[in-house]
Amino acid sequence: MPQSLVPPVTLSVVTPMYNEREAVDHFVGRLRPVLDALDVAYEVVAVDDGSTDATVSRLLQLRADWAELRIVSLRRNVGHQTALRAGLRAARGDYVISIDADLQDPPEVIGEMLAKALTEKVDVVYGVRSDRSTDTAFKRNTAGLYYWMMRRLVGPWVSDQAGDFRLMSRAVVDVLNELAEPRPVYRLVVPSLGFASAEVPYVREERVAGNTKYPLSRMIRLTFDSVTGFSAAPLKIATWLGLLSFLLCVVLIVTGLVAWGTGGVVPGWTSLYIAVLLLGGVQLICLGLLGEYVGRIYMATQSRPPFLVSFDTATTAPDSVESLDAVTVVADTRPAA
Ligand code: UDP
Ligand code: MG
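Residues numbered from 1 in each chain as written. Chains lettered and ligands numbered in written order. Predicted model: local features only at pLDDT ≥ 70, side-chain atom pairs only at ≥ 80, totals over all residues. Heavy atoms only, no water.

With an unreviewed UniProt entry as reference, the protein chain is termed Dolichol-phosphate mannosyltransferase, source organism Paractinoplanes abujensis. Per UniProt, the protein chain carries the Subcellular location (unreviewed entry) text "Membrane". Under the Sequence similarities (unreviewed entry) heading, UniProt states for the protein chain: "Belongs to the glycosyltransferase 2 family." (UniProt positions renumbered as here; feature names shortened; annotations may be inferred.)

A. Looking closely at the overall build of the protein chain. Scanning the protein chain from N- to C-terminus turns up eleven helices and eight strands. The C-alpha radius of gyration computed for the protein chain amounts to 25 Å, which surpasses the reference 20 Å derived for 337 residues by more than 25%, pointing to a less compact arrangement than a globule. C-alpha extents for the protein chain along the principal axes are approximately 95 × 45 × 35 Å. For the protein chain, the proportion of contacts with a sequence separation of at least 24, taken over those separated by at least 6, is 83%. Carbon and sulfur atoms make up 64% of the accessible area of the protein chain, which amounts to about 17,600 Å² in all. Counting 32 positive and 36 negative side-chain charges, the protein chain places the centres of these two groups 7 Å from one another. (Helix = DSSP H or I, 4+ residues; strand = E, 2+ residues; numbered from the N terminus. Rg over C-alpha atoms; globule rule 2.2 N^0.38 Å. Contact = heavy atoms within 4.5 Å. Areas by Shrake-Rupley, 256 points an atom, 1.4 Å probe, with all protein chains shown as cover. Lys, Arg positive; Asp, Glu negative; His and termini not counted. Charge placed at Lys NZ, Arg CZ, Asp CG, Glu CD.)

B. The arrangement of the site of ligand 1 in detail. Residues in contact with ligand 1 amount to 19 residues; listed here are only the nearest, Glu20, Asp49, Asp102, Thr212 and Lys213. Take Pro16: an N or O atom from its main chain is 2.7 Å from an oxygen atom of ligand 1. One nitrogen or oxygen atom from the side chain of Asn77 is found 3.1 Å from an oxygen atom belonging to ligand 1. If ligand 1 stood free it would expose 530 Å²; the protein chains cover 95% of that surface. One can see that ligand 1 is located within the largest pocket. Its residues assigned to classes, the shell around ligand 1 shows five nonpolar, five polar and nine charged. (Near = heavy atom within 4 Å. Polar contact = N/O pair within 3.5 Å; in protein donor to acceptor, adjacent residues only side chain to side chain. 1 Å grid on protein atoms, 1.4 Å probe; cavity = no way out; pocket = protein on both sides within 12 Å on 5 of 7 lines; lining within 4 Å. Sits in = over half its atoms within 2 Å of the grid points. Nonpolar A, V, L, I, M, F, W, Y, C, P; charged D, E, K, R; others polar.)

C. Representation of the UniProt feature "transmembrane region" (unreviewed entry) in the protein chain in the model. Mapped onto the present numbering, the UniProt feature "transmembrane region" (unreviewed entry) falls at residues 240-260 and 272-294. Between the first and last C-alpha atoms of residues 240-260 the distance is 30 Å; the span itself is 100% helix and 0% strand. Counted over residues 272-294, helix gives 100% and strand 0%. Its end C-alpha atoms are 33 Å apart.

D. Quick look at the coordination of the magnesium ion (ligand 2). Distances from the magnesium ion (ligand 2) to its protein donors, Asp102 (OD) and Gln104 (OE1), fall at 1.9 to 2.1 Å. By relative accessible area, Asp102 is classed as buried at 4%. Of the residues examined, Gln104 reaches a relative accessible area of 12% and is grouped as buried. (Donors = N, O, S within 2.8 Å, 3.2 Å for Na, K, Ca; no water. Buried < 20%, exposed > 50% of the residue type's maximum accessible area, 1.4 Å probe, protein only.)

Below, the structure is given as structure tokens:
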């Protein structure tokens, strides 16, 4: 169906999904009644982030009796933020809500978000976690550290309780879709744009099924993306460390001269190798920091597409989806729930 013939929608609900076969039935089961009760035209954009389990085939089954469910399948796994990016590009609604597929963000809050956006005439409504007690202590502590650092580096507008569960107006989504940076971290970019916003509190629930797709390595990568995306401050660390070692060197020269004048020498080679190792270490760290920025400049100049869509059920006839030769839909052998 050509894009122009698609009826306009008021609300798009964007959900990145990576190997969420375990969670998808629970998710659809809770989301659908909420959206049906809203009395607005809506679409659910389920972005399959290169799942290798039966997520896509299950979604295609579910779509058979839920026409508003739209599946945008990516050719490979590109990570949560980039999958979200694909969903924001695809979304057609006047308002777009991003929500996780594991029901940690309760869909029941969606109505309140939309109502707030309409009555208070704001462009962004953040879902704000009023309670994270269901997260592990490790997750809470690392998240606390992350937001503390981001507030210092990025600015005071970063809320430590707002993740990626939020509503955005078309104006905000259009700005986000124009961003040229390779890997924007939306939870920092959106507040930095300065659109009028409101908040809706919610209780962070436990993941309904399956495992977290955010191992420590991904969290570290998100942290590097967040820091380099907003601040050049780490580059100045080199300047300060250089200055510090220069001052230290001056002190040591004076100590050496005094020792020499009084007929002695600075003892041993321990002092020598400590100085050499320390400076070597500091220099490598500074080079590494520089490398983080240079790497991103390199990626930006390559300007490769951040994701490739394998199929989108809004623009491909449903019966031809499975016959597309580019599509590998992992068969779902389990009985329908
Ligand atoms: N996700 C994704 N691609 C990935 C990793 C995660 O699309 O490479 C999705 C995942 O399916 C879920 C959301 O991002 O809908 C958040 O992931 P998860 O719940 O595993 O993260 P956590 O809540 O543990 O931080
Ligand atoms: Mg989760």
